[in-house]
Amino acid sequence: MDANQLRGNLDTLILAALVDSPAHGYHVIGRIRDRSTGVFDLAEGTVYPALHRLEAAGHLRSRWEEIEGRRRKIYSVTPRGQRRLADDRTRWNTFSSVMTLAIGGETA
Amino acid sequence: MNVDDPRGGSSEPIEDYLDQLLLTLTGSPRNVRHTLAEVESHLRDSAEAARRDGLDEIAAERLAVERMGSSLGVRDDTRLGRLLPLARRRRIVLVTLFLGAVGGIAIGVAGAIAGVARIVGGDRAIASPFPSGSYSAADCRRWMHLYPKAPDCVTAMTIDHAADFLRNCAVAAFGGVLSALAFLWLRRRWHEREVAIALPSSFEDLAVAVLSALVVVATMAQAADSFLVTKGVGAWQWVSLAIAAAATCLFFAVRLVHRLGRPRLSWVG
(Lines give C-alpha, C1' and ligand atoms only; values in the text may rest on other atoms or scores of the structure.)
Protein backbone atom coordinates (compact mmCIF):
# COMPACT_ATOMS: atom_id res chain seq x y z
CA MET A 1 0.00 0.00 0.00
CA ASP A 2 1.42 3.36 -1.02
CA ALA A 3 2.19 5.40 2.12
CA ASN A 4 1.02 8.68 0.55
CA GLN A 5 -2.29 7.15 -0.47
CA LEU A 6 -2.74 5.89 3.05
CA ARG A 7 -1.77 9.23 4.60
CA GLY A 8 -4.36 11.01 2.49
CA ASN A 9 -7.10 8.89 4.03
CA LEU A 10 -5.72 8.63 7.54
CA ASP A 11 -8.28 10.97 9.11
CA THR A 12 -11.13 8.88 7.74
CA LEU A 13 -9.48 5.65 8.91
CA ILE A 14 -9.07 7.08 12.41
CA LEU A 15 -12.66 8.29 12.59
CA ALA A 16 -13.86 4.88 11.42
CA ALA A 17 -11.70 3.14 14.01
CA LEU A 18 -13.12 5.30 16.78
CA VAL A 19 -16.75 5.69 15.79
CA ASP A 20 -17.99 2.55 17.56
CA SER A 21 -16.09 2.96 20.81
CA PRO A 22 -13.50 5.35 22.28
CA ALA A 23 -9.85 4.25 22.40
CA HIS A 24 -6.33 5.52 22.93
CA GLY A 25 -3.76 5.93 20.15
CA TYR A 26 -2.22 2.47 20.49
CA HIS A 27 -5.62 0.81 20.15
CA VAL A 28 -6.57 3.03 17.21
CA ILE A 29 -3.52 1.78 15.30
CA GLY A 30 -4.31 -1.81 16.26
CA ARG A 31 -7.88 -1.40 15.03
CA ILE A 32 -6.76 0.08 11.71
CA ARG A 33 -4.29 -2.79 11.25
CA ASP A 34 -6.86 -5.45 12.19
CA ARG A 35 -9.64 -4.01 10.03
CA SER A 36 -7.32 -3.85 7.04
CA THR A 37 -6.13 -7.42 7.74
CA GLY A 38 -2.63 -6.10 8.30
CA VAL A 39 -2.36 -4.26 4.97
CA PHE A 40 -2.45 -0.77 6.53
CA ASP A 41 0.69 -1.04 8.62
CA LEU A 42 1.68 2.60 9.05
CA ALA A 43 4.50 4.17 11.05
CA GLU A 44 2.66 4.43 14.36
CA GLY A 45 3.98 7.90 15.16
CA THR A 46 2.16 9.41 12.20
CA VAL A 47 -1.19 8.72 13.84
CA TYR A 48 -0.65 11.24 16.65
CA PRO A 49 -0.51 14.41 14.54
CA ALA A 50 -3.69 13.18 12.81
CA LEU A 51 -5.42 12.53 16.14
CA HIS A 52 -4.43 16.00 17.37
CA ARG A 53 -5.52 17.59 14.11
CA LEU A 54 -8.92 15.91 14.30
CA GLU A 55 -9.29 16.96 17.91
CA ALA A 56 -8.40 20.58 17.06
CA ALA A 57 -10.98 20.51 14.27
CA GLY A 58 -13.65 19.32 16.71
CA HIS A 59 -14.04 15.89 15.10
CA LEU A 60 -12.63 14.13 18.15
CA ARG A 61 -12.66 14.87 21.85
CA SER A 62 -10.31 13.40 24.41
CA ARG A 63 -9.95 12.72 28.10
CA TRP A 64 -7.12 11.36 30.23
CA GLU A 65 -7.75 8.09 32.05
CA GLU A 66 -5.63 5.82 34.20
CA ILE A 67 -5.87 2.33 32.71
CA GLU A 68 -3.75 -0.60 33.90
CA GLY A 69 -1.54 1.77 35.87
CA ARG A 70 -0.80 4.01 32.89
CA ARG A 71 -2.21 7.43 31.97
CA ARG A 72 -3.84 7.25 28.58
CA LYS A 73 -5.50 9.79 26.36
CA ILE A 74 -8.80 8.34 25.24
CA TYR A 75 -10.32 9.71 22.05
CA SER A 76 -13.97 9.58 21.02
CA VAL A 77 -15.80 10.84 17.95
CA THR A 78 -17.94 13.96 18.33
CA PRO A 79 -21.24 14.45 16.45
CA ARG A 80 -19.29 16.67 14.06
CA GLY A 81 -16.79 13.87 13.52
CA GLN A 82 -19.64 11.44 12.83
CA ARG A 83 -20.98 13.77 10.14
CA ARG A 84 -17.52 14.07 8.64
CA LEU A 85 -17.13 10.28 8.60
CA ALA A 86 -20.51 9.87 6.91
CA ASP A 87 -19.49 12.41 4.25
CA ASP A 88 -16.12 10.70 3.78
CA ARG A 89 -17.77 7.30 3.40
CA THR A 90 -20.17 8.63 0.75
CA ARG A 91 -17.33 10.32 -1.13
CA TRP A 92 -15.14 7.25 -0.91
CA ASN A 93 -17.90 4.88 -2.10
CA THR A 94 -18.62 7.16 -5.07
CA PHE A 95 -14.92 7.50 -5.89
CA SER A 96 -14.32 3.79 -5.50
CA SER A 97 -17.25 2.81 -7.74
CA VAL A 98 -16.36 5.31 -10.44
CA MET A 99 -12.67 4.37 -10.28
CA THR A 100 -13.51 0.70 -10.60
CA LEU A 101 -15.63 1.45 -13.66
CA ALA A 102 -12.99 3.74 -15.12
CA ILE A 103 -10.09 1.34 -14.83
CA GLY A 104 -12.12 -1.73 -15.61
CA GLY A 105 -11.53 -3.46 -12.30
CA GLU A 106 -13.90 -5.57 -10.29
CA THR A 107 -15.85 -4.48 -7.25
CA ALA A 108 -14.78 -6.24 -4.09
CA MET B 1 22.34 8.13 24.81
CA ASN B 2 22.82 5.01 26.86
CA VAL B 3 25.13 2.52 25.17
CA ASP B 4 25.74 -0.13 27.77
CA ASP B 5 23.88 -2.86 25.91
CA PRO B 6 26.45 -5.61 25.16
CA ARG B 7 24.99 -6.01 21.66
CA GLY B 8 25.70 -2.36 20.94
CA GLY B 9 23.15 0.44 20.72
CA SER B 10 21.11 1.91 23.51
CA SER B 11 19.98 -0.01 26.55
CA GLU B 12 17.00 2.34 26.90
CA PRO B 13 15.56 2.79 23.40
CA ILE B 14 12.25 4.22 24.64
CA GLU B 15 13.92 6.78 26.90
CA ASP B 16 16.23 7.83 24.08
CA TYR B 17 13.32 8.12 21.66
CA LEU B 18 11.41 10.30 24.13
CA ASP B 19 14.47 12.52 24.61
CA GLN B 20 14.69 12.95 20.86
CA LEU B 21 10.97 13.57 20.57
CA LEU B 22 11.13 16.27 23.24
CA LEU B 23 13.64 18.15 21.10
CA THR B 24 11.41 17.83 18.05
CA LEU B 25 7.96 18.67 19.34
CA THR B 26 6.45 22.10 18.93
CA GLY B 27 3.47 23.80 20.52
CA SER B 28 2.60 24.92 24.03
CA PRO B 29 4.40 23.27 26.97
CA ARG B 30 1.13 21.54 27.89
CA ASN B 31 0.72 20.07 24.41
CA VAL B 32 4.30 18.89 24.47
CA ARG B 33 3.85 17.22 27.86
CA HIS B 34 0.64 15.55 26.75
CA THR B 35 2.11 14.28 23.49
CA LEU B 36 5.15 12.92 25.32
CA ALA B 37 2.93 11.14 27.86
CA GLU B 38 0.73 9.79 25.09
CA VAL B 39 3.63 8.51 23.01
CA GLU B 40 5.39 7.02 26.04
CA SER B 41 2.24 5.14 27.00
CA HIS B 42 1.99 3.87 23.42
CA LEU B 43 5.63 2.73 23.35
CA ARG B 44 5.30 0.92 26.69
CA ASP B 45 2.16 -0.87 25.43
CA SER B 46 3.90 -1.80 22.21
CA ALA B 47 7.02 -3.04 24.03
CA GLU B 48 4.88 -5.04 26.44
CA ALA B 49 3.14 -6.75 23.52
CA ALA B 50 6.53 -7.57 21.97
CA ARG B 51 7.73 -9.02 25.29
CA ARG B 52 4.64 -11.22 25.42
CA ASP B 53 5.66 -12.47 21.98
CA GLY B 54 8.97 -13.63 23.46
CA LEU B 55 11.40 -10.75 22.90
CA ASP B 56 13.69 -9.64 25.70
CA GLU B 57 13.24 -6.19 27.23
CA ILE B 58 15.70 -4.25 25.08
CA ALA B 59 14.70 -5.94 21.83
CA ALA B 60 11.03 -5.30 22.66
CA GLU B 61 11.68 -1.61 23.31
CA ARG B 62 13.72 -1.36 20.13
CA LEU B 63 10.89 -2.91 18.10
CA ALA B 64 8.37 -0.52 19.70
CA VAL B 65 10.54 2.46 18.73
CA GLU B 66 11.03 1.09 15.23
CA ARG B 67 7.28 0.69 14.76
CA MET B 68 6.70 4.23 15.98
CA GLY B 69 8.92 5.58 13.20
CA SER B 70 10.95 8.78 13.16
CA SER B 71 10.27 11.25 15.96
CA LEU B 72 9.79 13.83 13.19
CA GLY B 73 6.69 11.92 12.12
CA VAL B 74 5.03 12.64 15.47
CA ARG B 75 5.49 16.38 14.97
CA ASP B 76 2.94 18.48 13.17
CA ASP B 77 5.09 20.07 10.45
CA THR B 78 2.31 22.24 9.06
CA ARG B 79 1.91 24.01 12.35
CA LEU B 80 5.66 24.44 12.77
CA GLY B 81 6.02 25.88 9.28
CA ARG B 82 3.26 28.38 9.99
CA LEU B 83 4.56 29.44 13.36
CA LEU B 84 8.31 29.57 12.83
CA PRO B 85 8.60 32.97 11.09
CA LEU B 86 6.46 34.60 13.79
CA ALA B 87 8.38 32.75 16.49
CA ARG B 88 11.68 33.90 15.06
CA ARG B 89 10.53 37.53 15.02
CA ARG B 90 9.39 37.20 18.62
CA ARG B 91 12.66 35.64 19.64
CA ILE B 92 14.60 38.45 17.95
CA VAL B 93 12.50 41.01 19.86
CA LEU B 94 13.29 39.12 23.08
CA VAL B 95 17.00 38.98 22.25
CA THR B 96 17.04 42.73 21.51
CA LEU B 97 15.27 43.54 24.77
CA PHE B 98 17.62 41.23 26.65
CA LEU B 99 20.69 42.92 25.15
CA GLY B 100 19.17 46.33 25.93
CA ALA B 101 18.47 45.29 29.51
CA VAL B 102 21.93 43.86 30.13
CA GLY B 103 23.66 46.77 28.37
CA GLY B 104 21.63 49.45 30.15
CA ILE B 105 22.09 47.91 33.58
CA ALA B 106 25.82 47.38 32.96
CA ILE B 107 26.19 51.06 32.02
CA GLY B 108 24.30 51.90 35.24
CA VAL B 109 26.81 49.82 37.21
CA ALA B 110 29.64 51.64 35.38
CA GLY B 111 28.01 54.92 36.43
CA ALA B 112 28.02 53.78 40.07
CA ILE B 113 31.72 52.86 39.81
CA ALA B 114 32.44 56.22 38.17
CA GLY B 115 30.47 57.94 40.96
CA VAL B 116 32.77 56.38 43.53
CA ALA B 117 35.81 57.35 41.44
CA ARG B 118 34.50 60.93 41.32
CA ILE B 119 34.13 61.04 45.12
CA VAL B 120 37.67 59.72 45.54
CA GLY B 121 39.47 61.47 42.69
CA GLY B 122 37.27 64.46 41.87
CA ASP B 123 35.56 65.39 38.60
CA ARG B 124 38.80 65.06 36.60
CA ALA B 125 38.88 61.34 37.41
CA ILE B 126 35.86 60.71 35.18
CA ALA B 127 35.74 63.68 32.82
CA SER B 128 38.24 65.65 30.81
CA PRO B 129 37.84 69.22 29.59
CA PHE B 130 37.75 70.10 25.90
CA PRO B 131 41.08 71.17 24.44
CA SER B 132 41.58 74.92 24.65
CA GLY B 133 40.32 76.76 21.59
CA SER B 134 37.60 74.22 20.92
CA TYR B 135 34.92 76.07 22.92
CA SER B 136 33.60 79.61 22.81
CA ALA B 137 33.22 82.36 25.40
CA ALA B 138 29.46 81.71 25.31
CA ASP B 139 30.11 78.08 26.30
CA CYS B 140 32.23 79.30 29.20
CA ARG B 141 29.52 81.67 30.35
CA ARG B 142 26.96 78.85 30.27
CA TRP B 143 29.19 76.53 32.35
CA MET B 144 30.03 79.25 34.84
CA HIS B 145 26.32 80.03 35.11
CA LEU B 146 25.56 76.35 35.86
CA TYR B 147 28.40 76.00 38.38
CA PRO B 148 28.93 79.46 39.89
CA LYS B 149 31.20 78.14 42.65
CA ALA B 150 33.71 76.81 40.10
CA PRO B 151 36.91 78.91 40.15
CA ASP B 152 37.31 78.95 36.36
CA CYS B 153 35.75 77.92 33.05
CA VAL B 154 37.79 74.70 32.66
CA THR B 155 36.76 73.46 36.12
CA ALA B 156 33.08 74.30 35.44
CA MET B 157 33.30 72.49 32.10
CA THR B 158 34.83 69.41 33.76
CA ILE B 159 32.13 69.35 36.44
CA ASP B 160 29.53 69.60 33.69
CA HIS B 161 31.09 66.75 31.71
CA ALA B 162 31.30 64.54 34.81
CA ALA B 163 27.67 65.27 35.66
CA ASP B 164 26.68 64.56 32.05
CA PHE B 165 28.40 61.18 32.13
CA LEU B 166 26.75 60.15 35.40
CA ARG B 167 23.36 61.38 34.18
CA ASN B 168 23.72 59.44 30.93
CA CYS B 169 24.62 56.32 32.92
CA ALA B 170 21.52 56.77 35.09
CA VAL B 171 19.32 57.19 32.00
CA ALA B 172 20.86 54.06 30.44
CA ALA B 173 20.24 52.12 33.67
CA PHE B 174 16.61 53.28 33.71
CA GLY B 175 16.25 52.21 30.07
CA GLY B 176 17.85 48.89 30.95
CA VAL B 177 15.35 48.29 33.74
CA LEU B 178 12.44 49.15 31.43
CA SER B 179 13.89 46.84 28.81
CA ALA B 180 14.23 44.06 31.41
CA LEU B 181 10.61 44.52 32.49
CA ALA B 182 9.42 44.43 28.87
CA PHE B 183 11.55 41.34 28.27
CA LEU B 184 10.11 39.49 31.28
CA TRP B 185 6.56 40.46 30.37
CA LEU B 186 6.89 39.41 26.73
CA ARG B 187 8.72 36.22 27.60
CA ARG B 188 5.77 35.20 29.76
CA ARG B 189 3.32 36.08 26.96
CA TRP B 190 5.33 34.27 24.29
CA HIS B 191 6.05 31.15 26.26
CA GLU B 192 5.76 28.87 23.24
CA ARG B 193 8.28 26.26 22.29
CA GLU B 194 8.48 27.67 18.77
CA VAL B 195 9.94 30.86 20.27
CA ALA B 196 12.36 28.81 22.36
CA ILE B 197 13.70 26.85 19.41
CA ALA B 198 13.65 29.70 16.85
CA LEU B 199 17.28 30.47 17.77
CA PRO B 200 19.84 28.36 19.63
CA SER B 201 19.06 28.24 23.34
CA SER B 202 22.26 30.02 24.41
CA PHE B 203 22.20 32.64 21.67
CA GLU B 204 21.61 35.52 24.10
CA ASP B 205 24.50 34.47 26.34
CA LEU B 206 26.82 34.26 23.34
CA ALA B 207 25.70 37.65 21.99
CA VAL B 208 26.14 39.39 25.36
CA ALA B 209 29.53 37.73 25.98
CA VAL B 210 30.87 38.71 22.55
CA LEU B 211 29.53 42.27 22.62
CA SER B 212 30.75 42.93 26.15
CA ALA B 213 34.19 41.52 25.27
CA LEU B 214 34.36 44.02 22.39
CA VAL B 215 33.33 46.80 24.79
CA VAL B 216 36.09 45.73 27.23
CA VAL B 217 38.72 45.97 24.48
CA ALA B 218 37.48 49.35 23.23
CA THR B 219 37.10 50.94 26.67
CA MET B 220 40.44 49.60 27.95
CA ALA B 221 42.12 51.10 24.89
CA GLN B 222 40.48 54.44 25.67
CA ALA B 223 41.49 54.17 29.34
CA ALA B 224 45.10 53.37 28.38
CA ASP B 225 45.07 56.36 26.05
CA SER B 226 43.80 58.58 28.88
CA PHE B 227 46.49 57.39 31.27
CA LEU B 228 49.26 57.78 28.69
CA VAL B 229 48.21 60.98 26.95
CA THR B 230 46.29 63.03 29.53
CA LYS B 231 47.88 61.60 32.71
CA GLY B 232 44.70 59.83 33.75
CA VAL B 233 42.31 62.77 33.38
CA GLY B 234 38.89 61.28 32.64
CA ALA B 235 40.34 57.77 32.58
CA TRP B 236 37.87 56.35 35.11
CA GLN B 237 35.01 57.05 32.74
CA TRP B 238 36.51 54.33 30.53
CA VAL B 239 37.80 52.16 33.37
CA SER B 240 34.34 52.03 34.97
CA LEU B 241 32.79 50.98 31.66
CA ALA B 242 35.53 48.39 31.16
CA ILE B 243 34.98 46.92 34.65
CA ALA B 244 31.21 46.65 34.12
CA ALA B 245 31.68 45.16 30.63
CA ALA B 246 34.31 42.69 31.88
CA ALA B 247 32.05 41.53 34.72
CA THR B 248 29.17 41.13 32.26
CA CYS B 249 31.37 39.25 29.80
CA LEU B 250 32.66 36.93 32.52
CA PHE B 251 29.20 36.19 33.90
CA PHE B 252 27.66 35.37 30.54
CA ALA B 253 30.70 33.46 29.27
CA VAL B 254 30.61 31.22 32.35
CA ARG B 255 26.85 30.76 31.94
CA LEU B 256 27.33 29.94 28.27
CA VAL B 257 29.96 27.29 29.01
CA HIS B 258 27.77 25.85 31.75
CA ARG B 259 24.76 25.66 29.45
CA LEU B 260 26.68 24.19 26.55
CA GLY B 261 27.73 21.40 28.84
CA ARG B 262 24.11 20.83 29.83
CA PRO B 263 21.84 21.12 26.78
CA ARG B 264 18.45 22.59 27.53
CA LEU B 265 15.46 23.78 25.61
CA SER B 266 14.41 26.87 27.47
CA TRP B 267 15.77 30.22 26.45
CA VAL B 268 17.10 33.13 28.47
CA GLY B 269 16.58 33.04 32.20
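Quick notes on the rules
Residues numbered from 1 in each chain as written. Chains lettered and ligands numbered in written order. Predicted model: local features only at pLDDT ≥ 70, side-chain atom pairs only at ≥ 80, totals over all residues. Heavy atoms only, no water. Helix = DSSP H or I, 4+ residues; strand = E, 2+ residues; numbered from the N terminus. Buried < 20%, exposed > 50% of the residue type's maximum accessible area, 1.4 Å probe, protein only. pLDDT = per-residue confidence, 0-100. Contact = heavy atoms within 4.5 Å. Buried area = accessible area lost by both parts, 1.4 Å probe. Salt bridge = Lys/Arg side-chain N within 4 Å of Asp/Glu carboxyl O. Polar contact = N/O pair within 3.5 Å; in protein donor to acceptor, adjacent residues only side chain to side chain. Nonpolar A, V, L, I, M, F, W, Y, C, P; charged D, E, K, R; others polar.

## Focus: unusual backbone geometry
Here the phi dihedral of A:Thr37 falls at roughly 50 degrees; this positive angle occurs in a residue that is not glycine. Secondary-structure assignment places A:Thr37 in the loop between α3 (25-35) and α4 (47-56). Phi is positive for B:Lys231, which is not a glycine, with a value near 55 degrees. For B:Lys231, the position within the fold is in the loop between α8 (203-229) and α9 (235-260). On the basis of relative accessibility, which here comes to 78%, the residue B:Lys231 falls in the exposed class.

## Things to note about the confidence of the model for chain B
All names here are of chain B. Here chain B averages 83 in pLDDT, and 85% of its residues register 70 or above. When pLDDT is averaged over each helix and strand of chain B, the minimum, 66, is found for helix α7 (residues 193-197) and the maximum, 93, for helix α6 (residues 153-189). Considering only residues more than four positions removed or in separate chains, one finds that residues 1-7, a stretch of pLDDT under 50, has 17 contacts. Overall, residues 263-269 carries pLDDT values under 50, and its contacts beyond four positions in sequence, including any with other chains, amount to 29 contacts. In the model output, the complex is listed with pTM 0.50 alongside ipTM 0.82.

## Considerations on the interface of chain A and chain B
At the junction of the two partners, chain A supplies 20 residues and chain B supplies 18 residues. When the two sides are added together, the surface that chain A and chain B hide from each other amounts to roughly 1600 Å², 49% of it contributed by carbon and sulfur. Among the residues chain A hides against chain B, the three largest losses belong to A:Tyr26, A:Tyr48 and A:Arg70. Together they make up 36% of the total. For B:Asp45, the salt bridge goes to A:Arg72, with nearest N and O atoms at 2.2 Å. Where chain A touches chain B, the interface holds 9 residue pairs in polar contact (both at pLDDT 80 or more). Mapped onto the side of chain A that touches chain B, the elements with two or more residues apiece are α3, α4 and β3 (70-77) of chain A. Per-element accounting of the side of chain A that touches chain B gives the leading share, 5 residues, to β3(A). Counted by class, the side of chain A that touches chain B contains 8 nonpolar, 5 polar and 7 charged residues.

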